[in-house]
2 protein chains.
Amino acid sequence: MSENVGRWLRDEIENAILSYEFAPGERLDETVLANRFGVSRTPVREALMQLDAIGLIEIRPRRGAIVIDPGPHRIYEMFEVMAELEGLAGSLAARRLDKASREAITATHSRCEQSAAAGDSDAYYYDNEEFHKAIYAASRSDFLQEQCVQLHRRLRPYRRLQLRVRNRLSTSFLEHCAIVDAIFTGDGDEARRLLRTHVGIQGERFSDLVASMAAR
Amino acid sequence: MSENVGRWLRDEIENAILSYEFAPGERLDETVLANRFGVSRTPVREALMQLDAIGLIEIRPRRGAIVIDPGPHRIYEMFEVMAELEGLAGSLAARRLDKASREAITATHSRCEQSAAAGDSDAYYYDNEEFHKAIYAASRSDFLQEQCVQLHRRLRPYRRLQLRVRNRLSTSFLEHCAIVDAIFTGDGDEARRLLRTHVGIQGERFSDLVASMAAR
DNA sequence: AATGCCATTCTTGTATACACAAACGTTGAC
DNA sequence: GTCAACGTTTGTGTATACAAGAATGGCATT
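Residues numbered from 1 in each chain as written. Chains lettered and ligands numbered in written order. Predicted model: local features only at pLDDT ≥ 70, side-chain atom pairs only at ≥ 80, totals over all residues. Heavy atoms only, no water.

What about the overall build of chain A?
For step 1, the next point in the chain: Within chain A one finds ten helices and three strands.
For step 2, the next point in the chain: For 216 residues, the compact-globule estimate of 2.2 N^0.38 gives 17 Å, and the C-alpha radius of gyration of chain A, at 19 Å, lies within 12% of that figure.
For step 3, the next point in the chain: With the C-alpha coordinates aligned to their principal axes, the bounding extent of chain A is approximately 55 × 35 × 30 Å.
For step 4, the next point in the chain: Here chain A, with 216 residues, has 50% of them falling under the buried criterion.
For step 5, the next point in the chain: A fraction of 71% describes how many contacts in chain A between residues 6 or more apart in sequence connect residues 24 or more apart.
For step 6, the next point in the chain: Counting every atom, chain A has about 10,000 Å² of accessible surface; 48% of that belongs to carbon and sulfur.
For step 7, the next point in the chain: Averaging the coordinates of the 30 positive side-chain charges in chain A and doing the same for the 33 negative ones gives two points 3 Å apart. (Helix = DSSP H or I, 4+ residues; strand = E, 2+ residues; numbered from the N terminus. Rg over C-alpha atoms; globule rule 2.2 N^0.38 Å. Buried < 20%, exposed > 50% of the residue type's maximum accessible area, 1.4 Å probe, protein only. Contact = heavy atoms within 4.5 Å. Areas by Shrake-Rupley, 256 points an atom, 1.4 Å probe, with all protein chains shown as cover. Lys, Arg positive; Asp, Glu negative; His and termini not counted. Charge placed at Lys NZ, Arg CZ, Asp CG, Glu CD.)

Notes on the protein's contact with DNA strand C
For step 1, the next point in the chain: Taken together, the neighbourhood of DNA strand C is formed by 18 residues, with Arg45 and Arg62 of chain A together with Val5, Ser40 and Thr42 of chain B sitting nearest.
For step 2, the next point in the chain: Backbone sugar and phosphate groups make up 69% of those atoms of DNA strand C lying within 4 Å of the protein.
For step 3, the next point in the chain: Within the contact set of DNA strand C, a phosphate oxygen lies 2.9 Å away from a backbone nitrogen or oxygen of Arg62 of chain A.
For step 4, the next point in the chain: Its residues assigned to classes, the surface near DNA strand C comprises five nonpolar, five polar and eight charged. (Near = heavy atom within 4 Å. Polar contact = N/O pair within 3.5 Å; in protein donor to acceptor, adjacent residues only side chain to side chain. Nonpolar A, V, L, I, M, F, W, Y, C, P; charged D, E, K, R; others polar.)

Digging into the interface of chain A and chain B
For step 1, the next point in the chain: Every contact between the two is made by 32 residues of chain A and, on the other side, 32 residues of chain B.
For step 2, the next point in the chain: Between chain A and chain B, the buried area comes to about 3,000 Å², and carbon and sulfur atoms account for 55% of it.
For step 3, the next point in the chain: Looking at the side of chain A facing chain B, the largest losses of area belong to Met49, Glu84 and Phe143 of chain A, adding up to 21% of the total buried there.
For step 4, the next point in the chain: In this assembly, chain A and chain B are joined by eight salt bridges.
For step 5, the next point in the chain: A salt bridge links Glu84 of chain B to Arg192 of chain A; its shortest N-O distance comes to 2.3 Å.
For step 6, the next point in the chain: Inspection of the region where chain A meets chain B yields twelve residue pairs in polar contact (both at pLDDT 80 or more).
For step 7, the next point in the chain: Of all the elements in the fold, those that place two or more residues in the side of chain A that touches chain B are α3 (41-54), α4 (71-96), α7 (142-163) and α9 (188-199) of chain A.
For step 8, the next point in the chain: A per-element tally of the side of chain A that touches chain B places α4 of chain A first, with ten residues.
For step 9, the next point in the chain: Looking at the side of chain A that touches chain B residue by residue, the classes come out as 13 nonpolar, three polar and 16 charged. (Buried area = accessible area lost by both parts, 1.4 Å probe. Salt bridge = Lys/Arg side-chain N within 4 Å of Asp/Glu carboxyl O.)

With respect to the protein's contact with DNA strand D
For step 1, the next point in the chain: Neighbouring DNA strand D are 16 residues, the closest being Val5, Ser40, Thr42 and Arg63 of chain A together with Arg62 of chain B.
For step 2, the next point in the chain: Between DNA strand D and Ser40 of chain A there is a distance of 2.7 Å, counted from a phosphate oxygen to a backbone nitrogen or oxygen.
For step 3, the next point in the chain: Side-chain polar atom of Arg41 of chain B to a base nitrogen of DNA strand D: 3.0 Å apart, as the coordinates give it.
For step 4, the next point in the chain: Of all elements in the fold, only α3 of chain A together with α3 (41-54) of chain B reach the threshold of two or more residues within the surface near DNA strand D.
For step 5, the next point in the chain: Of the residues belonging to the surface near DNA strand D, the class tally is four nonpolar, four polar and eight charged.

Points about the domain arrangement of chain A
Residue and element names in this part refer to chain A.
For step 1, the next point in the chain: By the assigned domains, chain A splits into domain 1 (5-67) and domain 2 (71-215).
For step 2, the next point in the chain: Taken over C-alpha atoms, the centre of domain 1 sits 29 Å from the centre of domain 2.
For step 3, the next point in the chain: Contacts between the two partners involve six residues from domain 1 and, on the opposite side, five residues from domain 2.
For step 4, the next point in the chain: Of the roughly 560 Å² buried where domain 1 meets domain 2, counting both sides, 45% is carbon and sulfur surface.
For step 5, the next point in the chain: Taken as a group, Leu18, Tyr20 and Ile54 account for 66% of the area that domain 1 buries against domain 2, more than any other trio of residues on that side.
For step 6, the next point in the chain: In this structure, the connection of domain 1 to domain 2 is made through one salt bridge.
For step 7, the next point in the chain: Residue Arg153 pairs with Glu14 through a salt bridge whose shortest N-O separation is 2.7 Å.
For step 8, the next point in the chain: The interface formed by domain 1 and domain 2 contains three residue pairs in polar contact (both at pLDDT 80 or more). (Domains from an automatic or database assignment.)

Focus: the packing of α4 of chain A against helix α7 (residues 142-163) of chain B
For step 1, the next point in the chain: Where α4 of chain A contacts α7 of chain B, the two axes come as close as 7 Å, and the packing angle between them is 50°. One finds that α4 of chain A runs oblique with respect to α7 of chain B. The residues of α7 of chain B that touch α4 of chain A, namely those facing Arg74, Glu77, Met78 and Val81 of chain A, are Asp142, Phe143, Leu144 and Glu146 of chain B.
For step 2, the next point in the chain: Considered class by class, the residues forming the contact of α4 of chain A with α7 of chain B number four nonpolar, no polar and four charged. (Axes fitted to C-alpha atoms, helices over the stretch in contact; angles between N-to-C directions. Parallel < 35°, antiparallel > 145°, perpendicular 65-115°, else oblique.)

Topic: the relation of the copies chain A and chain B
For step 1, the next point in the chain: Once chain A has been moved 0.0 Å along the axis and rotated by 180°, it coincides with chain B to within an RMSD of 0.1 Å. Seen this way, the second copy is the image of the first under a two-fold rotation axis. Among all residues of chain A, the one whose C-alpha sits closest to the rotation axis is Gln50 of chain A, at a distance of 2.6 Å.
For step 2, the next point in the chain: Most of the interface of chain A is mirrored in chain B, where 100% of its interface residues are also at the interface. (Least-squares fit on C-alpha atoms with pLDDT ≥ 70 in both.)

Details of the sheet that holds strand β3 (residues 64-67) of chain A
All names here are of chain A.
For step 1, the next point in the chain: Reading across the sheet, the three strands line up as β1-β3-β2 and stay open at both edges, with antiparallel pairing between neighbours. Two strands lie at the open edges of the sheet, namely β1 (27-28) and β2 (57-60), each paired on one side alone.
For step 2, the next point in the chain: Packing against the sheet, α3 makes contact with β1, β2 and β3, and its axis sits at approximately 115° to β2. (Pairing = 2+ DSSP bridges.)

So, the packing of aromatic side chains
Ring pairs (aromatic) are described by centroid distance and by the angle formed between their planes.
All names here are of chain B.
For step 1, the next point in the chain: Evaluated as defined, the whole model comprises four aromatic pairs over all chains.
For step 2, the next point in the chain: With centroids separated by 5.8 Å and ring planes inclined at 80°, the aromatic side chains of Trp8 and Phe37 adopt a geometry described as edge-to-face. On the criterion of sequence distance, the pair formed by Trp8 in helix α1 (residues 5-18) and Phe37 in helix α2 (residues 30-37) is long-range, its members being 29 residues apart. Residue Trp8 shares its accessibility class with Phe37, and that shared class is buried. (Phe/Tyr/Trp six-rings, centres within 6.5 Å; stacked < 30°, edge-to-face > 60°.)

With respect to the side chain of Arg154 of chain B
For step 1, the next point in the chain: Counting through the fold element by element, Arg154 of chain B comes out in helix α7.
For step 2, the next point in the chain: Although Arg154 of chain B is buried, it makes no salt bridge; Glu146 of chain A carries the closest opposite charge, 6.8 Å away.
For step 3, the next point in the chain: Separated by 3.4 Å, the side chain of Arg154 of chain B and the backbone oxygen of Ile54 of chain B make a polar contact.

Shown next as structure tokens:
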């Protein structure tokens, strides 16, 4: 539990939204939330304010808070931006790579290899996240790293859906290999290009996303 | 005045921070702010929570809120990300350009021309912002547009400092011309490249920034 | 039967009060 | 004279009370 109740509630509600416990479009009643978590309305309001600022919910004056429903098109736009940021991170990482970052990337990369070989989609989902975070960190740009982590967090549920697609696990890992190679050989432009296509959801992958979203 | 006091306060305090009325590192006392704006502490706290979520201030538990001081290096990192996002916006704009966007870009571009010709740095600062916003809009990606506008807003004070540098006005406008040309001819890659170098602060422009920041 | 208006009720928005933690100053002892 | 400990003060964190606005349901009128 975080230092103060407001922060804790923010994380708690954020997780509930990202895990679809609070469905998109659902109205979040302050009193209900306060009772549920056993606190007063004040910290609940503070948490909601922050989630509104982040963009996870929308607070309409005098009409309460509702969970934002991004919809496939907006998700696509978010992946597009994510791809661009990851591309930048990759190109910076290639230029600035040091020993520690290299080892972190290698370590997470080999964990991905194991999960992919085992066909364990849930494990890969987690290891994949760590792999990408290692690249963010290797960019040595604190701001970029923060932006990437934040956007990654918001897209987390959809990234998970993507992995369900047939053969995605192995192709994803093969793409990782090429990315690692580009970064380690210092080819920033190639790392950027590979990461952009790896993260973006071009062509049929977009329809796959729409299909998995509809299936829920 | 916005719908509720909290939102209004958020904008008010945000402007005060961005215009250096509240200096970086300064502690923001809730009671003082409440008195100053003639409201109670509750909406002040809500405003501060939101500003913390945006990243303009930092609230340390039980120790109050302080205005974040980015420092030259972090500003550089933020410009780096901004350059990347604007590059993406430019390349999308080149691909998706329609009549309305084309006219908006042309209109803001010619206003920049007038301000630049007049050597009016303040007018150019404003027109330049509108020009860039027209490109964001032309990207037809709502999410990208929002991200760009938000980051642009945070970097606004520094963009203004940059324009003070000798000859920057005319070189900036010349770069605009090339960018418009690339977008209108549908050359997405070129638009991306030009915008990246236009927005980023490479080489001596970084020292210029540091110098102007130190001068304050 | 349908539609419009009014009243009631529920929920949000703001204020105030109280509790608790941290920082600073003062005093005493070594 | 300096350092440490205790008390006071200041300011944050949470709860509760009160006010104002929006939604909903019922009743009346057309």
